[in-house]
Amino acid sequence: MDFEDNELYRDITGFAHDTPTWVQHAAEAWTEGGLLLFGALFVAAWWRARRGSTTAFAIAVLAPVATAVAYVCSELLKSGFTEERPCRAVAGAVPSLAECPPTGDWSFPSNHATIAGAAAVALALVRRTIIWLTAPLALLMAFSRVFVGVHYPHDVAAGLLLGAVVAAVAVRLGRRPVTRLAGAMRASSAPLVRWLTGPGAAAAPTTPCTAHRGR
């Protein structure tokens with residue numbers, strides 16, 4: 001497995017060196033810029049959920065929290081596995097496009113891929129159809145970490161899986177208590193709290209027909 005993974009790493013990084021310079025620069029920028037994009041999607045999900053149901057708002061709030069939990073899990077695993085970065089460990093590989101992280105900043109699993117996998121799933125739990133956007137973004141983020149030479153393929157595969165699982169579990173476990181908290185906050189008299197949580201879903205207008213049926 002290690003040999004095949006090393007060969008795949010060499011193939012991908014070799015291909016990266018053969019791509020145009022603008023592609024290489026774009027890949028380097030995306031490895032960090034992608035995190036900012038996911039952050040912007042979290043903000044957009046929160047803003048949209050302010051006018052949604054209390055449960056929908058709770059899931060939107062939980063999405064970045066679940067992603068942060070996944071990141072912590074990734075860091076704990078890194079400390080346990082202490083795998084050296086391929087940009088130092090793989091013999092015969094071309095130099096990495098990105099600066100090789102220092103020794104002690106371990107390789108397995110990939111934090112970037114973990115965050116991307118967690119964000120993709122968490123945002124999809126807020127709004128199911130957005131998975132068509134977040135899943136490709138997460139895969140591109142994971143691939144870019146190998147492309148620029150700072151991770152093995154197995155690092156990013158494990159990161160995506162770890163992030164997706166942790167995010168799904170965290171949202172599931174936190175949904176009920178956070179929904180109750182969000183309901184209490186929406187009933188608050190404090191203007192800032194009410195602005196943060198939003199007005200919630202607008203009540204359906206009552207028509208004469210519906211009023212008559214209610215009687």
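Residues numbered from 1 in each chain as written. Predicted model: local features only at pLDDT ≥ 70, side-chain atom pairs only at ≥ 80, totals over all residues. Heavy atoms only, no water.

**Student:** Explain the overall build of the protein to me, please; I cannot follow it from the model alone.
**Tutor:** The helix and strand inventory of the protein stands at nine helices and zero strands. Taking 17 Å as the expected radius of gyration for a compact globule of 215 residues, we find that the protein reaches 22 Å, considerably beyond that expectation. If one aligns the C-alpha atoms of the protein with their principal axes, the spans along those axes are about 80 × 35 × 30 Å. Burial status across the protein gives 40% buried among its 215 residues. Summing over all exposed atoms, the protein offers an accessible surface of approximately 11,800 Å²; the carbon and sulfur share of this is 67%. (Helix = DSSP H or I, 4+ residues; strand = E, 2+ residues; numbered from the N terminus. Rg over C-alpha atoms; globule rule 2.2 N^0.38 Å. Buried < 20%, exposed > 50% of the residue type's maximum accessible area, 1.4 Å probe, protein only. Areas by Shrake-Rupley, 256 points an atom, 1.4 Å probe, with all protein chains shown as cover.)

**Student:** What's the story with the state of the cysteines in this structure? I'm lost.
**Tutor:** Two cysteines whose sulfur atoms are joined by a covalent bond form what is called a disulfide. Within this structure, the stated rule accounts for one disulfide. Each sulfur of the disulfide joining Cys 87 and Cys 100 lies 2.0 Å from the other. Measuring the twist about the S-S bond at about 75°, one finds the Cys 87-Cys 100 disulfide to be right-handed. Taken together, the residues Cys 87 in helix α4 (residues 86-89) and Cys 100 in the loop between α4 and α5 (111-126) connect sequence positions 13 residues apart. (Disulfide = S-S within 2.5 Å.)

**Student:** What should I look at first to understand the packing of aromatic side chains in this one?
**Tutor:** What characterises a pair of aromatic rings is the spacing of the ring centres plus the angle enclosed by the ring planes. A full pass over the atoms with the stated rule returns five aromatic pairs. With centroids separated by 5.9 Å and ring planes inclined at 50°, the aromatic side chains of Phe 143 and Phe 147 adopt a geometry described as tilted. With a gap of four residues between them, Phe 143 and Phe 147 both fall in helix α6 (residues 131-147), about one helical turn apart. Judged by its relative accessible area of 39%, Phe 143 is partly exposed. Members of the aromatic cluster, each reached through a chain of ring pairs, are Phe 15, Phe 143 and Phe 147. Sitting over the ring of Trp 47, Arg 50 keeps its end group 4.4 Å from the ring centre. (Phe/Tyr/Trp six-rings, centres within 6.5 Å; stacked < 30°, edge-to-face > 60°. Lys NZ or Arg CZ within 6 Å of the ring centre and 35° of its normal.)

**Student:** Explanation requested: the nonpolar core in the structure shown.
**Tutor:** Nonpolar side chains tend to gather and get buried jointly when the protein is soluble and globular. Ranked by size, the top nonpolar core spans 35 residues in total, and within it Phe 38, Leu 41, Leu 123 and Ala 138 carry the most contacts. Discounting residues that sit within four places of it in the chain, Leu 123 has contacts with Phe 38, Leu 41, Phe 42, Ala 45, Ile 130 and Thr 134. Ranked by size, the runner-up nonpolar core spans seven residues in total, among them Ala 27, Leu 97, Ala 98 and Val 150. (Core = buried A, V, L, I, M, F, W, Y, C linked by side-chain atoms within 4.5 Å. Contact = heavy atoms within 4.5 Å.)

**Student:** What's the story with the side chain of His 151 in this structure? I'm lost.
**Tutor:** Its location among the elements puts His 151 in the loop between α6 and α7 (153-186). When its relative accessible area of 1% is taken as the criterion, His 151 is described as buried. A distance of 3.0 Å separates a polar side-chain atom of His 151 from the backbone oxygen of Ser 107. (Polar contact = N/O pair within 3.5 Å; in protein donor to acceptor, adjacent residues only side chain to side chain.)

**Student:** Which parts of the structure should I look at to understand a nonpolar patch on the surface?
**Tutor:** Taken together, the side chains of Trp 47, Leu 192, Trp 195 and Leu 196 define a hydrophobic patch exposed on the protein surface, amounting to about 440 Å² of accessible area. Of all the elements, helix α8 (residues 191-197) adds the most residues to the nonpolar patch, at three residues. With respect to the helices and strands, the residue Trp 47 is situated in helix α2 (residues 21-49). A residue is classified by how much of its surface remains accessible, and Trp 47, at 46% relative accessible area, is partly exposed. (Patch = residues over 30% accessible without salt bridge, like charges linked within 9 Å, V, L, I, M, F, W, Y side chains within 5 Å. Salt bridge = Lys/Arg side-chain N within 4 Å of Asp/Glu carboxyl O.)

**Student:** Can you walk me through the environment of Asp 155 in this structure?
**Tutor:** Along the chain, Asp 155 falls in helix α7. Taking the C-alpha atoms as reference points, Asp 155 and Val 121, separated by 34 residues in sequence, lie 19 Å from one another. With near-sequence residues (within four places) excluded, Asp 155 lies in contact with Glu 83, Ser 107, Phe 108, Pro 109 and Ser 110. A polar atom in the side chain of Asp 155 sits 2.9 Å from the backbone nitrogen of Tyr 152. Side-chain polar atoms of Asp 155 contact the side chain of His 154, separated by 3.2 Å.

**Student:** Explain the pattern of salt bridges here, please?
**Tutor:** Close approach of charged atoms allows side chains with opposite charge to pair. The full count for this structure, using the stated rule, is four salt bridges. Between Glu 7 and Arg 10 there is a salt bridge, with its nearest N and O atoms 2.4 Å apart. Within this pair, Glu 7 and its partner Arg 10 are both found in helix α1 (residues 2-18), separated by three residues, close to a single helical turn. Since its relative accessible area comes to 30%, Glu 7 is described here as partly exposed. When its relative accessible area of 23% is taken as the criterion, Arg 10 is described as partly exposed. Glu 32 serves as the salt-bridge partner of Arg 145, at 4.0 Å between the closest nitrogen and oxygen.

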